[in-house]
Amino acid sequence: EQKNVILNYDILKNNPVSRIKRIVARNIAKNYTKIFNYDSEIIGMENLKKIKTGAIITSNHFSPKDSTVIMYATNKVKRREHLDIIVEEENIFMTGRFGFLMQNCGTIPISKSNQYLEKNFMPSVKVLLDNKDLILIYPEEQMWFNYKKPRPCKIGAYHIAAKFNVPVVPCFTELREKKEYDDDGFKKLKFVLHIMEPIYPDPNKSIKENKEEMRKKDYAAKVKAYEEAYGKKLDYKFEDDDIAGM
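Residues numbered from 1 in each chain as written. Predicted model: local features only at pLDDT ≥ 70, side-chain atom pairs only at ≥ 80, totals over all residues. Heavy atoms only, no water.

(A) A look at the pairing of strand β4 (residues 107–110). In this structure, strand β3 (residues 83–88) lies alongside β4, joined through four bridges in parallel fashion. Following the sheet pairing, I86 is matched in β4 by I108. (Pairing = 2+ DSSP bridges. Helix = DSSP H or I, 4+ residues; strand = E, 2+ residues; numbered from the N terminus.)

Right, dumping it as structure tokens:
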């Protein structure tokens, strides 16, 4: 049943009912974005504004709400009112209000089905990028709750960028702790989004060469942003303060 749903998933929301749901979902998401990011800070906004084509945005993944700070930034660019987000296919089967947003708010499910990837996913991504959309991909793949450090990147985001000849916009969200606590006993956090220089594919190199080079440059940009934000070198020896809000 899940496979049948994903194979026929209306990524582009061409169905009239899907289009209406998308409009409603995006309006709800905009309101949530303003609430979650009332005190968020953006550094490097000029690097996003200079993008004139479709692009892949990458960022660290530490919270179900972390995409809102990316949306907060893209909403500030007048011609970039919509952000598409690639998510695991299981997310579109959520129920309730959050499920409605997951199904309709510019989310693009990724699946291990080759049939879906070839017939639906990649052609739809091409349409969106040709339309100069921005697509958010978390190259770390998994969410590690409130984890401060950037993690090594998987190749998928860079394969898409290289294949469709669009830039990657590296982002890193710094987590600053507040004095107040949330309902789960964690300190509330302020998001500081660092947007780095776009990384463009080299027209003289193959897709294979470009995607690997773009991945390395993106990870290096995230490491640099981490080290400047937290004032220390990145290593993966676990320490208590690696988890924000503890």
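Past the structure itself, the notes keep going.
(B) Spotlight on the pattern of salt bridges. Scanning all chains against the criterion turns up 18 salt bridges. Between D39 and K178 there is a salt bridge; the shortest N-O distance is 2.7 Å. Here K178 lies in strand β6 (residues 168–181) and D39 lies in the loop between α2 (16–36) and β1 (41–43), a separation of 139 residues in the sequence. A residue is classified by how much of its surface remains accessible, and K178, at 17% relative accessible area, is buried. (Salt bridge = Lys/Arg side-chain N within 4 Å of Asp/Glu carboxyl O. Buried < 20%, exposed > 50% of the residue type's maximum accessible area, 1.4 Å probe, protein only.)

(C) Region of the structure containing empty space enclosed by the protein. Within the structure shown, the criterion is met by three cavities of 30 Å³ or more. For the second largest cavity, the calculated volume is near 30 Å³. Lining the second largest cavity are L48, I57, I70, A73, T74, V169, C171, L193 and I195. Mapped by element, the contributors of at least two residues to the lining of the second largest cavity are α4 (67–74), β6 and β7 (187–195). Examining the composition of the lining of the second largest cavity, we find that three residues originate from one element, α4, more than from any other. Its residues assigned to classes, the lining of the second largest cavity comprises eight nonpolar, one polar and no charged. (1 Å grid on protein atoms, 1.4 Å probe; cavity = no way out; pocket = protein on both sides within 12 Å on 5 of 7 lines; lining within 4 Å. Points joined across faces, edges and corners; volume = space filled by probe spheres on them. Nonpolar A, V, L, I, M, F, W, Y, C, P; charged D, E, K, R; others polar.)

(D) Inspection of the packing of α2 against helix α5 (residues 96–104) at higher detail. Where α2 meets α5, the closest approach of the two axes is 9 Å, and the angle between their N-to-C directions is 115°. Every pair of crossing elements has a handedness; the one defined by α2 and α5 is left-handed. Listed contacts from α5 to K21, R22, V24, A25, I28, A29 and Y32 of α2 are R97, F100, L101 and N104. Classifying every residue of the contact of α2 with α5 by side-chain character gives seven nonpolar, one polar and three charged. (Axes fitted to C-alpha atoms, helices over the stretch in contact; angles between N-to-C directions. Left-handed = near helix turned anticlockwise from the far one by under 90°. Contact = heavy atoms within 4.5 Å.)

(E) Fine view of the environment of V5. Along the polypeptide, V5 turns up in helix α1 (residues 2–7). Separated by 88 residues in the primary sequence, V5 and F93 place their C-alpha atoms 9.5 Å from one another.

(F) Structural view of the sheet that holds β6. Sheet architecture is open: seven strands sit in the order β1-β7-β6-β2-β5-β3-β4, paired in mixed fashion. The open sheet has two edge strands, β1 and β4, and neither has a second partner. Across this sheet, the average inter-strand angle for adjacent strands is 30°, counted without regard to direction.

(G) Looking closely at the nonpolar core. Core analysis: the biggest nonpolar cluster contains 32 residues, and L48, I57, I70, L83 and I195 have the highest contact counts within it. Excluding anything up to four places from it in sequence, L48 contacts I57, A73, T74, V77, L134 and I195. Ranked by size, the runner-up nonpolar core spans 25 residues in total, among them I11, I137, F164 and V166. (Core = buried A, V, L, I, M, F, W, Y, C linked by side-chain atoms within 4.5 Å.)

(H) View of helix α6 (residues 114–130). Between its terminal C-alpha atoms α6 stretches 22 Å, which fits the 24 Å expected from 17 residues at 1.5 Å a residue. For α6, the principal kink sits at F121 and spans about 30°; a proline, P123, occurs within the next four residues. Those residues of α6 that fall on the buried side of the exposure criterion are Y116, N120, F121, M122, S124, V125, L128 and L129. Turning to α6, the residues buried within the fold contact α1, β2 (55–58), β3, β4, β5 (134–137) and α7 (156–163). Following α6 by one or two positions, K132 has its phi on the positive side, about 70°. (Expected span 1.5 Å × (residues − 1). Bend = angle between axes of the 7 residues up to and from the residue.)

As far as function goes, none of this settles anything; it's purely spatial.
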